[in-house]
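Coordinate inspection notes
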Amino acid sequence: MSAPKAISPHRLSSLLRRQKDPNLALQLFQNPNPQIQSPKPFRYSLLSYDIIITKLGRAKMFHQMEQILRQLSRETRFVPGEIIFCNVISFYGRARLPHKALQMFDQIPSFRCDRTVKSYNSVLDVLFKCGEVEKMREFLVGLGNHVTPDACTYNILINACCKSGCLHDAWNMFDEMRKRGVRPNGVTFATLISGLCANYRLEEAMRLKEDMIRLYRVEPEAPVYTPLIKELCRIGELSLAFGLKDELERYKVKLDSAVYTTLISALSKFGRKGEAYWILEEMKVSGCKPDTVTYNAMINGFCMEKDFEAAYKILDQMVKEGCKPNIISYNVIIGGLCNEGKWVEANDLFEDLPRRGCKPDIVCYRTIFAGLCDWKRFKEATSILDEMFFKGYAPSSAGIHKLVDGLCQEANMALLLKALTSLGNANLINVDIWGLVISMACKKEMLSNVSELVDTVMVP
DNA sequence: ATAGGGTTAG
C-alpha cells in the first residue's frame, strides 16, 4: 500500500467548501492530514480560514469560531480581508448577541486589518436588528469623523426609520443622502417602497418606483416590485399586480421566487387555485425553483380551503425535492386544523415537530394553545401553557382570556386554579382576567373559594 | 457573505 498523500492547503479549502456538516468541517480543519505525522505545521490558506469561520458562524458554533479567529490572529503570512469580520459581526447579530458584534468590531485592528465603512455598517445593522436604538445612536456619533457614510449606511438608516414606522424620517434620510452626494441605489428604493407599502401609502410608492427609473436612472430590480405587487394584491387589484409582473418582464428582469410567491399567495387567498397552479407551472418552466416560502403559500391556500390532504401532499413533495419545510409550513397546517376543530390531528402534528426536525416557535405555541381553548380542550391547553413558559414564551392576551373564560364557564375549579397559578407565576394576570374569575364566583356564590384562589395566586 | 422584496397568529 502506498503512503497516503498529504493534502495541500488549496485542496483543504475545496474539501471544506463541500463539507455541509460544520462539525465535520471543523475536524477536517483541525486535522487535515490524520494519516501523516508531519513535523511542520500545516500552512492554512486565508481562504480556508474564511470558509471554516463562515460555516461555524452560520451554525452559531461561536465558541469554536472564536477559537479559529484566535488562530487566525496569530497568522503573520497574510492580512485577512475586512469582509470576514463583517460576516462574523452579522452572525452575532442573527444570534442576538450585539455585545459580541461590538467586541469583534473592536478587535479588527488586532488582525492588522483596517476598518472601513463596511464594518461600521455591519455593526449599525446589527444594533438596529437587535433593537439597540440607543447604542445605534451612540455608534453613529462615534462614526462621525472616522468614516464617510456610503449608500449602504443610508440604506440601513432608511430601513431603521421605515421599520419603526417613521416614514417622515426615512424621507429626510433619503434627502440628506442626496444632499451629501451619495447616489441612491436599488436597495434604497426597495427599502423605501417596502416601507411605504407596509404603511398603506401605495400611490407614493408607485410614484417613487417611476422616479427611480426616469429621474434617478436606477435599473428596475425585482425587490423594488415585490412589495408593490403584494400591496396591490392585498387591496384586490390583481390585474394591476400582474401588470407590474409584465413590466418587469418588459425590462428583461428575470422574475425570482419572491415575485412568483407573492402572486401565488394572492391567488390562493382569493380562491383562484387554478391560476395559482398555472403560475407555479410557469415558475418551474422559466427555470425558477419554488422554495420553502413558495410551498408555504401553496399550503396556506389549501388549508384555507380545508383541503388538508393536499396540504400534507405539498409537505411530502417538499421533502422529496430537498426543500425543507420550516416552522411556518407546520404552523399553517396546525392553525388550519385547529380552525376546523381537528385539534387531535393538530396536536399530533405539534407533538411530531421534534421528530420532523423543527422547533416550535412562539406562533406555533400560541396557535395550538388558542386552538385547544377554542375547542374546550383545557387540560391539554394548560399543560402546553407550562411547556410554553418553560421555553420562555407566553400566550397572547386573547389566548389567556379564552382559557380562563372557558374554565370559568365550566366552573372547573381544579384546572382553573392550576392555570391561574401558572399565569400568576408568569405575572400574566391582569384586571380583565380577575374580572372573569370574580364574576364567575359571584354567579356561583363561591366567593370564599375565590379568596382562597387569590391567596394561592398572590402569595409568591 | 456590510444594506432591500415574498409565507403563519393576534
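Residues numbered from 1 in each chain as written. Chains lettered and ligands numbered in written order. Predicted model: local features only at pLDDT ≥ 70, side-chain atom pairs only at ≥ 80, totals over all residues. Heavy atoms only, no water.

An unreviewed UniProt entry annotates chain A as Pentatricopeptide repeat of Trema orientale. Entered under Sequence similarities (unreviewed entry) in the UniProt record, the comment concerning chain A runs "Belongs to the PPR family. P subfamily." (UniProt positions renumbered as here; feature names shortened; annotations may be inferred.)

What follows concerns helix H9 (residues 151–163). Taking 1.5 Å per residue as the helical rise, H9 with its 13 residues ought to reach 18 Å, and the 18 Å between its terminal C-alpha atoms agrees with that figure. In terms of burial, H9 is a largely internal element, 11 of the 13 residues being buried. Every buried residue belonging to H9 is among Ala-151, Thr-153, Tyr-154, Asn-155, Ile-156, Leu-157, Ile-158, Asn-159, Ala-160, Cys-161 and Cys-162, and all of these are buried. Each element contacted by the buried residues of H9 is listed here: helix H7 (117–129), helix H8 (133–143), helix H10 (167–179) and helix H11 (186–198). (Helix = DSSP H or I, 4+ residues; strand = E, 2+ residues; numbered from the N terminus. Expected span 1.5 Å × (residues − 1). Buried < 20%, exposed > 50% of the residue type's maximum accessible area, 1.4 Å probe, protein only. Contact = heavy atoms within 4.5 Å.)

Per the counting criterion, the structure on display carries 21 salt bridges. One salt bridge in this structure joins Lys-209 and Glu-210, with 2.8 Å as the shortest N-O distance. Glu-210 sits in the partly exposed class, given a relative accessible area of 27%. Several salt bridges converge on common partners, so that one network encompasses Lys-209, Glu-210, Arg-214 and Glu-247. (Salt bridge = Lys/Arg side-chain N within 4 Å of Asp/Glu carboxyl O.)

DNA strand B sits among 46 residues. The nearest are Ile-83, Asn-155, Glu-221, Asp-256 and Asn-296. Among all atoms of DNA strand B positioned within 4 Å of the protein, those belonging to sugar or phosphate total 48%. Here Gly-186 contributes a backbone N or O atom positioned 3.2 Å from a base nitrogen of DNA strand B. Residue Asp-291 places a side-chain N or O atom 2.8 Å away from a base nitrogen belonging to DNA strand B. With 7 residues, helix H15 (residues 257–269) is the single largest residue contributor to the surface near DNA strand B. Grouping the amino acids of the surface near DNA strand B by side-chain chemistry returns 15 nonpolar, 19 polar and 12 charged. (Near = heavy atom within 4 Å. Polar contact = N/O pair within 3.5 Å; in protein donor to acceptor, adjacent residues only side chain to side chain. Nonpolar A, V, L, I, M, F, W, Y, C, P; charged D, E, K, R; others polar.)

Sequence positions flagged by UniProt for "repeat: PPR" (unreviewed entry) are, in local numbering, residues 150–184, 185–215, 256–290, 291–325, 326–360 and 361–395. The span residues 185–215 is 84% helical and 0% strand by assignment, and the distance between its end C-alpha atoms comes to 12 Å. Helix makes up 74% of residues 361–395 and strand 0%, whereas the separation of the span's terminal C-alpha atoms amounts to 12 Å.

Taking 1.5 Å per residue as the helical rise, helix H17 (residues 292–304) with its 13 residues ought to reach 18 Å, and the 18 Å between its terminal C-alpha atoms agrees with that figure. Where burial is concerned, most of H17 is hidden: 10 out of the 13 residues are buried. Inspection of H17 places Thr-292, Thr-294, Tyr-295, Asn-296, Ala-297, Met-298, Ile-299, Gly-301, Phe-302 and Cys-303 among the buried residues, and these make up the whole buried set. In this fold, the buried residues of H17 make contact with H15, helix H16 (273–285), helix H18 (308–320) and helix H19 (327–339). Capping the start of H17, Asp-291 holds a side-chain oxygen 3.2 Å from the backbone nitrogen of Val-293, two or three residues further along.

Another aspect to go through is the domain arrangement of chain A. Split by domain assignment, chain A resolves into domain 1 (149–254) and domain 2 (378–459). Relative placement of domain 1 and domain 2: their C-alpha centres are 47 Å apart. (Domains from an automatic or database assignment.)

Further remarks concern the packing of H9 against H11. One way to put it is that H9 packs onto H11 with a least axis distance of 9 Å and a crossing angle of 5°. Put simply, H9 runs roughly parallel to H11. Touching Asn-155, Ile-158, Asn-159 and Cys-162 of H9 are Val-187, Thr-188, Thr-191, Leu-192 and Gly-195, all from H11. Taken together, the residues of the contact of H9 with H11 sort by class into 4 nonpolar, 5 polar and no charged. (Axes fitted to C-alpha atoms, helices over the stretch in contact; angles between N-to-C directions. Parallel < 35°, antiparallel > 145°, perpendicular 65-115°, else oblique.)

To continue, consider the packing of aromatic side chains. The full count for this structure, using the stated rule, is 17 aromatic pairs. Taking 5.7 Å as the distance between ring centres and 55° as the angle between the ring planes, the aromatic pair formed by Tyr-44 and Tyr-49 counts as tilted. Taken together, a centroid distance of 5.6 Å and an interplanar angle of 45° make the contact between Tyr-365 and Tyr-393 tilted. A residue pair is termed long-range when its members are at least 10 positions apart, and Tyr-365 in helix H21 (residues 362–374) and Tyr-393 in the loop between helix H22 (378–390) and helix H23 (397–410) qualify at 28 residues. The exposure class assigned to Tyr-365 is buried, which follows from its relative accessible area of 0%. Three or more aromatic residues joined by ring pairs make a cluster, and in this case those are Phe-29, Phe-42, Tyr-44, Tyr-49 and Phe-78. If you follow Arg-115 out to its NZ or CZ, it ends over the ring of Phe-105, 4.3 Å from the centre. (Phe/Tyr/Trp six-rings, centres within 6.5 Å; stacked < 30°, edge-to-face > 60°. Lys NZ or Arg CZ within 6 Å of the ring centre and 35° of its normal.)

Between helix H4 (residues 62–74) and helix H5 (residues 82–94), the shortest axis-to-axis distance is 12 Å and the interhelical angle comes to 160°. Comparing the axis directions of H4 and H5 gives the class roughly antiparallel. Once H4 is placed against H5, the crossing between them reads as left-handed. Along its contact with H4, which presents Phe-62, Met-65, Glu-66 and Leu-69, the element H5 presents Phe-85, Val-88, Phe-91 and Tyr-92. Of the residues that constitute the contact of H4 with H5, the class distribution is 7 nonpolar, no polar and 1 charged. (Left-handed = near helix turned anticlockwise from the far one by under 90°.)

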